[in-house]
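Remarks on the overall topology
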Amino acid sequence: MTKEQWIAKYEKRAEPFSMTPGYNLWFRADKGFFLWKAKDGVLGISHTSTNDIQFMIGEMMKIARCNNCTLLRTATVHNPAAFIRLMGSHLNLERSAYHNGRFYWFMEKEVEK
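Read on for an overview of the structure. (Residues numbered from 1 in each chain as written. Predicted model: local features only at pLDDT ≥ 70, side-chain atom pairs only at ≥ 80, totals over all residues. Heavy atoms only, no water.)

1. A short note on the overall build of the protein
Counting its regular elements, the protein contains three helices and seven strands. The C-alpha radius of gyration of the protein comes to 13 Å, within 12% of the 13 Å expected for a compact globule of 113 residues. By residue count, 38% of the 113 residues in the protein fall in the buried class. For the protein, the proportion of contacts with a sequence separation of at least 24, taken over those separated by at least 6, is 52%. Within the protein, one finds 16 positive and 11 negative side-chain charges whose respective centroids are separated by 2 Å. (Helix = DSSP H or I, 4+ residues; strand = E, 2+ residues; numbered from the N terminus. Rg over C-alpha atoms; globule rule 2.2 N^0.38 Å. Buried < 20%, exposed > 50% of the residue type's maximum accessible area, 1.4 Å probe, protein only. Contact = heavy atoms within 4.5 Å. Lys, Arg positive; Asp, Glu negative; His and termini not counted. Charge placed at Lys NZ, Arg CZ, Asp CG, Glu CD.)

Quick look at the structure:
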């Protein structure tokens, strides 16, 4: 799919897409996209759309290691149970909160060496 098709798929299931300031776009036509930002040892992930979450986690881990990050952090507006199971992550309840009228669950995973 094209980047525009992946974005349309994301918007249908999640929320309107926008490039988050300071974030970088990772995109592959056959796998999807995500936005990422490395800061203070944390790789923040935003706006993800994929057909292969395990592949994407591997790519996120590569980026995290290249940027000396020790923690991967992402969020979802959906029930986080499946994401936690698929990612092997845990909830960060202190960060989870309402933003623009929607509740975001924050999940974290240590970066694999």
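On we go.
2. Considerations on the pairing of strand S1 (residues 24-28)
Sheet topology note: the S1/strand S2 (residues 32-39) ladder contains five bridges and is antiparallel. Across the sheet, residue Arg-28 finds its bridge partner in S2, namely Gly-32. Hairpin geometry of S1 and S2 is characterised by an intervening segment of three residues between the two adjacent antiparallel strands. (Pairing = 2+ DSSP bridges.)

3. Looking at the packing of aromatic side chains
Evaluated as defined, the whole model comprises seven aromatic pairs. For the pair Tyr-10 and Phe-17, a centre-to-centre distance of 6.3 Å together with 85 degrees between the ring planes defines the contact as edge-to-face. Taking relative accessible area as the criterion, Tyr-10 reaches 7% and is therefore assigned buried. With a centroid separation of 5.1 Å and an interplanar angle of 75 degrees, the aromatic rings of Tyr-98 and Phe-103 are classed as edge-to-face. Its relative accessible area of 64% is what places Tyr-98 among the exposed residues. Taken together, the ring pairs in this structure connect Tyr-10, Phe-17 and Phe-33 into an aromatic cluster. Positioned over the ring face of Phe-55 is Lys-31, at 4.8 Å from the centre of the ring. (Phe/Tyr/Trp six-rings, centres within 6.5 Å; stacked < 30°, edge-to-face > 60°. Lys NZ or Arg CZ within 6 Å of the ring centre and 35° of its normal.)

4. What about helix H2 (residues 53-66)?
Here H2 is 14 residues long and its end C-alpha atoms lie 20 Å apart, about the 20 Å a rise of 1.5 Å per residue gives. Where H2 is concerned, the buried positions are Met-56, Ile-57, Glu-59, Met-60, Met-61, Ile-63 and Ala-64. Elements that come into contact with the buried residues of H2 comprise S1, S2, strand S3 (42-50), strand S4 (71-76), helix H3 (81-87) and strand S7 (102-110). Following H2 by one or two positions, Asn-68 adopts a phi angle in the positive range, close to 55 degrees. (Expected span 1.5 Å × (residues − 1).)

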